[in-house]
Amino acid sequence: QVQLVESGGGLVEAGGSLRLSCAASGGSFTLRNIGWFRQAPGKERELVAAVSWSGGYIYYADSVKGRFTISRDNAKDTVYLQTNSLKPEDTATYYCSATFRGDWPPRASGMDSWGKGALVTVSS
C-alpha cells in the first residue's frame, strides 16, 4: 500500500475555491490510478474525479464537470484537486485514494489505499 495524506480543506463561501492536495509516500505512486472521493453526512461515498497513472485518462462526475480539475505531478508524488465555483452541496469530506486496478472509472471497492480525508465546508 501507499500512504496518502490530504490537505487544503477548509471553510469557504459559495462561489469560492479550494485546492486540495494528496501527498503519497511508501509505494509505487506513479503506477497507480488516483481517485478523489467525497462523502457527505448521511450519504454514500461518491467518486468526484480520477486520473490514470499516466495522466492520460481523466474522469469527472457530472456534478463537478467544469468546476473541478484533477492533476498529478508524479515527480512530487502528489495529486491535486482544484475546486472552483463551490456550492453548499459540495460540502463533504474529500478522500484521496489509489489503486493498481485498471477499472475505469475506478470504484471505491477497488481502491487499495485511502487517506484520512479533508473536510470541505461551503457556506451559502
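Read on for a plain summary of the structure. (Residues numbered from 1 in each chain as written. Predicted model: local features only at pLDDT ≥ 70, side-chain atom pairs only at ≥ 80, totals over all residues. Heavy atoms only, no water.)

**Considering the side chain of S113**
Inspection of the secondary structure assignment puts S113 in strand β10 (residues 113–114). At 3.1 Å, the side chain of S113 forms a polar contact with the backbone nitrogen of V2. There is a polar contact of 3.0 Å between the side chain of S113 and the side chain of D112. Ignoring any residue separated from it by four or fewer positions in sequence, one finds S113 in contact with Q1, V2, L4, R32, C96, S97 and A98. (Helix = DSSP H or I, 4+ residues; strand = E, 2+ residues; numbered from the N terminus. Polar contact = N/O pair within 3.5 Å; in protein donor to acceptor, adjacent residues only side chain to side chain. Contact = heavy atoms within 4.5 Å.)

**Concerning unusual backbone geometry**
The amide bond that connects W104 to the next residue, P105, takes the cis arrangement and shows omega of -5 degrees. Tracing the sequence through the fold places P105 in the loop between β9 (92–99) and β10. Here D77, not a glycine, exhibits a phi torsion of approximately 50 degrees, which is positive. The exposure class of D77 is partly exposed, given its relative accessible area of 24%. Of note, the phi angle at S85 is positive, near 50 degrees, even though the residue is not glycine. Turning to its location among the elements, S85 is positioned in the loop between β8 (78–83) and β9. What makes S85 partly exposed here is its relative accessible area of 40%. (Buried < 20%, exposed > 50% of the residue type's maximum accessible area, 1.4 Å probe, protein only.)

Distances and angles like these do not, on their own, reveal function.
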